[in-house]
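# Understanding the architecture of this molecule
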Amino acid sequence: MDEGGSRIRRRVSLPKRNRPSLGCIFVGLTAAELEPGDEGKEEEEMVAENRRRKTAGVLRVEHNDSEEDMFGDYDSFTENSFIAQVDNLEQKYMQLPEHKKHATDFATENLYSESIKNKLSITTIGNLTELQTDEHTENQSGYEGVTVEPGADLLYDVPSSQAIYFENLQNSSNDLGICSMKERDWKSSSHNTVNEELPHNCIEQRQQNDEDSSKVRISSDMNRRKSIKDHLKSAMTGNAKAQTPIFSRSKQLKDTLLSEEINVAKKTIESSSNDLGPFYSLPSKVRDLYAQFKGIEKLYEWQHTCLTLNSVQERKNLIYSLPTSGGKTLVAEILMLQELLCCRKDVLMILPYVAIVQEKISGLSSFGVELGFFVEEYAGSKGRFPPTKRREKKSLYIATIEKGHSLVNSLIESGRIDSLGLVVVDELHMIGEGSRGATLEMTLAKILYTSKTTQIIGMSATLNNVEDLQKFLQAEYYTSQFRPVELKEYLKINDTIYEIDSKAENGMTFSRLLNYKYSDTLKKMDPDHLVALVTEVIPNYSCLVFCPSKKNCENVAEMICKFLSKEYLKHKEKEKCEVIKNLKNIGNGNLCPVLKRTIPFGVAYHHSGLTSDERKLLEEAYSAGVLCLFTCTSTLAAGVNLPARRVILRAPYVAMEFLKRNQYKQMIGRAGRAGIDTIGESILILQEKDKQQVLELITRPLENCYSHLVREFTKGIQTLFLSLIGLKIATNLDDIYHFMNGTFFGVQQKILLKEKSLWEITVESLRYLTEKGLLQKDTICKSEEEVQHNFHITKLGRASFKGTIDLAYCDILYRDLKKGLEGLVLESLLHLIYLTTPYDLISQCNPDWMIYFRQKVDKDVVNRLYLSFVLYTLLKETNIWTVSEKFNMPRGYIQNLLTGAASFSSCVLHFCEELEEFWVYRALLVELTKKLTYCVKAELIPLMEVTGVLEGRAKQLYSAGYKSLMHLANANPEVLIRTIDHLSRRQAKQIVASAKMLLHEKAEALQEEVEELLRLPSDFPGAVASSTDKA
Ligand SMILES: Nc1ncnc2c1ncn2[C@@H]1O[C@H](COP(=O)(O)OP(=O)(O)OP(=O)(O)O)[C@@H](O)[C@H]1O
Ligand SMILES: [Mg+2]
């Protein structure tokens, strides 16, 4: 076993914290993450659900859910063994560059060398900075153990675009003659100033170190420590200076002011007086930042009231509910900032979809940089378990539901759950939605059970049975009907429009008659008058048309464009050409024929069949007003801030199911977003036959949300119990029952499962897990009458838990792997790929293999094999578009398959790590996981690590000369806008802020590591004696 372990160690060469996909190697992705934002009950998802229902256990109740966590999402949280191995290897390589030559995997080699370059570039800057700014400091060239690659000099390696910018600057200052001299003088003095001012703790450190060195005997170690530490700080200073020299003095003043304000705020919070700081106990800089970054000058009245509630001041748990676009986020953000800056605790924010997490990361990174906290992404392939321990600054983890769960598990396991001061859950109603809801419930229940100090805040626009949730979360409740932009709701039946009016007898009043002059052809093609309805709004305003299915989105987009006047082609023509060009670029020359036809009219479809790159590009173009109409599925329903003057619901259905009130409210809530639109209206198109049902829909209250913990058998209660025992949160029957009492299910048990008591459900589930060989029961006789049932996790249980394998599949996975051992074909990767092709996706695959079917081959095996072929081809060709064409599958699906397989492969790896008999798979799967994870060009990976930079954008940036994270962090947003096509100022700023944040985070982590390495162990022989001697 050890041998196997060391073999892995030798083979792996990925750097720690440097790659976006490291997390992916450890953490499974989920369906929701694979298809961000696609919660529509779309065709294939329904099929998947049907299959899950078949595999689920006896306690399952029929339901539909489209946001499934396909692969589980948990990763190794005892230790980052893989990362540690990677680190070791990286260290070795850092010292012995010739090892590079032996790397066999091209991609790996590139990655690895890129990472070294990253680190060396920091080194070089530091070196240069020190040389330039402090002549009296001896150049400690031999930063032991760090080799500087000749010519690896970042200052001379700026992107070409940036070089042009600097050249222009130079020219203009030359023109100014004397002024340029002054500027040079100023620059050189600002160099010194930077050195004196910015790293003032660097100077402190230096002085401190000088004192230390006179006191302490082990001076060589201390010098070394000093040099590396100073060196890192200089590097950071160098980076900061390279881009913002002008800010040095004012920045210092601002920083001082800020830290003073934070101190005052801290005291205010500690003294729990009512005297709030300048801005809700926060420095006034926060107010300025909101004005600057978000254009928010003043809080709404309800926001003020909510923030000053006694319960909020007393840090009680809180649920608040307001209509869509009510401004809920701001309240949560202010509370999060209070926790980070004043209470000095970490914060977790849980959001429903990857795209929304990324939007939030981009939005809050600038706050993090300005106010001094880390913003860490836990979505898709990103996230580290347990999170890096920070020395001073606190972290704001922004996570999807699944990653949030993994994060909480890892904090519990490492005994750090109390470091989490606040957990914010946006769209809290999702607790009632399928397996994702069950996951959210588990997360919150675990926090409630293990940490008495962590505050929980939940918000939503669509809550009804709040009392149940309040009881579960032991929370106060605040609500208001405030919506800053009025939203008018209409219904359209035939050619009449009615306004929804709660005071009217049947809930609606006549508004107007449609009087469109439709030709016969048009009437036939567009019986719902969609063309007329959208043209009342576009192109000057934007419009969203929600359609029941993906195919329908595409058809509607095409149909509308067929009848739009040619005049529409002229609107923002050049920009639309750019969008098409960019789409083609990111598709490696391919362009979807539907989009090709619709974009010139400013129209596009938006659903999960698009790749994430395409989706992002289209959303950006839509936000900028270049596109004015999206036909979309419910992908765009929740929490999204896109402009929409009018939202049209094409039919009261999502896939085949009748619309729920919650869904309706979320969809129409996209219209009239504050700060974007001044008016909002929605039109629901319906047929006469649906009238009665729609009238009920608009008048009835929102749906209640119910716990899915028990309904989601393998992904709910079973996974929960396995983790409770695996994490030692509760290991005996009584404690587990006690835990169950505190869950949302515990609160609703009497409504949800009348025929069984909570005790019976608990015992039954534990028995099931024991019979499956995942748990073992030990019965301890405490006394003659008293018997205690303790549980411990078996090897298979631990393997499933560590690998986050859906318990519905753990047996079959074990069997398949065992079978594989009998004759593993290693001539190509195909056999291995087969073994790591996700089981969940099998049902969505529909191969055209009639011959096989006729032979009565097991359909699951055939489908899985078919998917393996798709993946195998993808690994060879690395082009989603060609593979999509070859296999006639949507490109979005192919992309999901790839990310799904990468993450499942890592899950299987962790599964195998726990089971002796599968030692041979470990080394093989490490490599395979890497290949699946990095199925993009290796050089783009460092750029894609930055939030919001997807493959297409990374390609653009790379070809403009921005080749590393440091390039991006030092980029000038204004230059970026000029050199990168289709990049708005806001996006450019966000990219730079996110890159800066990441760079700071990495530098800080390295710094921590250095200090940790050089620290004298507390149990060092004689250490205690000498300190006693001194005393
Ligand atoms: N005090 C304010 N002044 C001006 N604009 C504000 C204010 N508070 C929030 N906003 C803006 O209102 C818009 C909607 O806010 P937010 O996204 O928080 O809505 P929400 O309540 O979360 O809605 P949903 O339930 O749809 O997610 C955002 O663009 C936000 O910047
Ligand atoms: Mg919101």
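What you see as residue numbers is a count from 1 along each chain, following the sequence as written. Written order determines the labels here, with chains lettered from A and ligands numbered from 1. Restriction of local features to residues with pLDDT of at least 70 applies here, the model being predicted, together with a cutoff of 80 or more for giving and counting side-chain atom pairs; totals for whole chains, interfaces and linings are based on all residues. Derived side-chain values reflect all non-hydrogen atoms in the structure, with water molecules and hydrogen atoms excluded from consideration.

With that settled, consider the environment of Arg 287. The residue Arg 287 is located in helix H12 (residues 284–294) in this model. For Arg 287, a relative accessible area of 34% corresponds to the partly exposed category. Placed twelve residues apart in sequence, Arg 287 and Leu 299 show a C-alpha to C-alpha distance of 9.8 Å. When neighbours within four sequence positions are excluded, Arg 287 is seen to be in contact with Pro 278 and Phe 279. Working definition: helices are DSSP H or I runs of at least four residues, strands are E runs of at least two. Numbering for both runs from the N terminus. Only protein chains enter the accessibility calculation, which uses a 1.4 Å probe; a residue is then buried when its area is under 20% of its type maximum, exposed when over 50%, and partly exposed in between. Whether two residues touch is decided by their heavy atoms; if any such pair falls within 4.5 Å, the residues are in contact.

The next subject is the site of ligand 1. Inspection of the region around ligand 1 gives 19 residues, with Lys 298, Ser 325, Lys 328, Thr 329 and Arg 673 positioned closest. The definition of a polar contact used here is a pair of N or O atoms within 3.5 Å, where within protein one atom must be able to donate a hydrogen and the other to accept one, and adjacent residues in sequence count solely through side-chain atom pairs. One of the backbone N or O atoms of Lys 298 is found 2.8 Å from a nitrogen atom in ligand 1. Arg 670 places a side-chain nitrogen or oxygen 3.1 Å from an oxygen atom of ligand 1. The protein chains shown are the only cover counted for residues, whose accessible areas, like all others here, come from Shrake-Rupley with a 1.4 Å probe. Computed on the free molecule, ligand 1 has an accessible area of 630 Å², of which 87% lies beneath the protein chains in the complex. Per-element tally for the shell around ligand 1: the top contributor is helix H15 (residues 328–342), with three residues. Nearness of a residue to a molecule or strand requires only that one of the residue's heavy atoms be within 4 Å of it.

Paired rings are identified among Phe, Tyr and Trp, the last through its six-membered ring, by centres lying within 6.5 Å, and are further divided according to the angle between planes into stacked (under 30 degrees), edge-to-face (over 60) and tilted (the rest). Summed over all chains, the structure comprises 20 aromatic pairs. Here the aromatic rings of Tyr 866 and Phe 887 are separated by 5.8 Å at their centres, their planes lie at 90°, and the arrangement is edge-to-face. Here the residue Tyr 866 occupies a position in helix H37 (residues 859–877), and Phe 887 occupies one in helix H38 (residues 880–887), the gap between them amounting to 21 residues. Owing to a relative accessible area of 16%, Phe 887 belongs among the buried residues under this scheme. Put simply, the rings of Tyr 290, Phe 293 and Phe 367 touch in pairs and so form one group of aromatic residues. Seen from the ring of Phe 374, Arg 390 lies directly overhead, with NZ or CZ sitting 4.2 Å from the centre. For Arg 645, the ring lying beneath its charged end belongs to Tyr 541, and the centroid distance is 3.7 Å. In this analysis the charged atom, NZ for Lys or CZ for Arg, is taken to sit over a ring once it is within 6 Å of the ring centre and within 35 degrees of the ring normal.

Next up on the list: the pattern of salt bridges. Salt bridges, as used here, are contacts in which a Lys or Arg side-chain nitrogen is within 4 Å of a carboxyl oxygen on Asp or Glu. The tally for this structure, following the rule as stated, stands at 31 salt bridges. A salt bridge links Lys 360 to Glu 333, with the shortest nitrogen-to-oxygen separation between them at 2.8 Å. On the criterion of sequence distance, the pair formed by Lys 360 in helix H16 (residues 354–371) and Glu 333 in helix H15 is long-range, its members being 27 residues apart. Take Lys 360: its relative accessible area is 13%, and that puts it in the buried class. One salt bridge in this structure joins Lys 581 and Glu 578, with 3.5 Å as the shortest N-O distance. On the criterion of helical spacing, the pair formed by Lys 581 and Glu 578 is a turn pair, its members being three residues apart in helix H24 (residues 573–586). Note on Lys 581: relative accessible area 41%, which makes it partly exposed. Residue class for Glu 578 comes out partly exposed when judged on its relative accessible area of 25%. Linked through salt bridges whose partners overlap, the residues forming this network are Arg 512, Glu 536, Arg 646 and Glu 681.

To continue, consider a negative patch on the surface. Like-charged residues within 9 Å of one another, or nonpolar side chains (Val, Leu, Ile, Met, Phe, Trp, Tyr) within 5 Å, are grouped into patches, provided each residue has over 30% relative accessible area and no salt bridge. Here Asp and Glu are counted as negative and Lys and Arg as positive; His is not counted, and neither are the chain ends. Each charge is placed at NZ for Lys, CZ for Arg, CG for Asp and CD for Glu. Residues Asp 734, Asp 735, Glu 784, Glu 785 and Glu 786 make up a contiguous surface patch of negative charge. Within the element layout of this structure, Glu 786 appears in the loop between strand E18 (775–781) and strand E19 (787–793).

Right, let's talk about the pairing of strand E9 (residues 496–500) for a bit. In the sheet, strand E8 (residues 487–493) pairs with E9 via four bridges, with the strands oriented antiparallel. Each bridged residue has a counterpart across the sheet, and for Tyr 490 the counterpart in E9 is Glu 499. Strands pair, by our definition, only if DSSP identifies at least two bridges between them. In textbook terms, the turn of a hairpin is the stretch between consecutive antiparallel strands, and for E8 and E9 this stretch comprises two residues, one of which, Asn 494, has a positive phi near 50°. One ladder, built from five bridges, connects E9 with strand E10 (residues 508–513); its direction is antiparallel. Of the residues in E10, the one forming a bridge with Glu 499 is Thr 509.

Below, the discussion takes up the packing of helix H18 (residues 434–450) against helix H30 (residues 733–741). Remark: H18 packs on H30, axes separated minimally by 10 Å, with the N-to-C direction vectors making an angle of 115°. Along this stretch, H18 crosses H30, giving a crossing that reads as right-handed. Contact residues: H18 offers Ala 445, Lys 446 and Tyr 449, while H30 offers Asp 735, His 738 and Phe 739. Looking at the contact of H18 with H30, its residues break down into three nonpolar, one polar and two charged. Whenever a helix is involved, its axis is fitted only over the stretch in contact; in every case the axis is a line through C-alpha atoms, and angles between N-to-C directions fall within 0 to 180 degrees. Whether a crossing is left-handed or right-handed is set by the direction in which the near helix is turned from the far one by less than a right angle, anticlockwise for left-handed and clockwise for right-handed. As a working rule, the residues Ala, Val, Leu, Ile, Met, Phe, Trp, Tyr, Cys and Pro are called nonpolar, Asp, Glu, Lys and Arg charged, and the rest polar, with Gly in that last group.

This paragraph deals with helix H33 (residues 795–802). Across the eight residues of H33, six count as buried, placing the element largely inside the fold. Where the residues of H33 are buried, they touch helix H17 (401–413), helix H29 (714–726), E19, helix H34 (810–822) and helix H39 (891–913).

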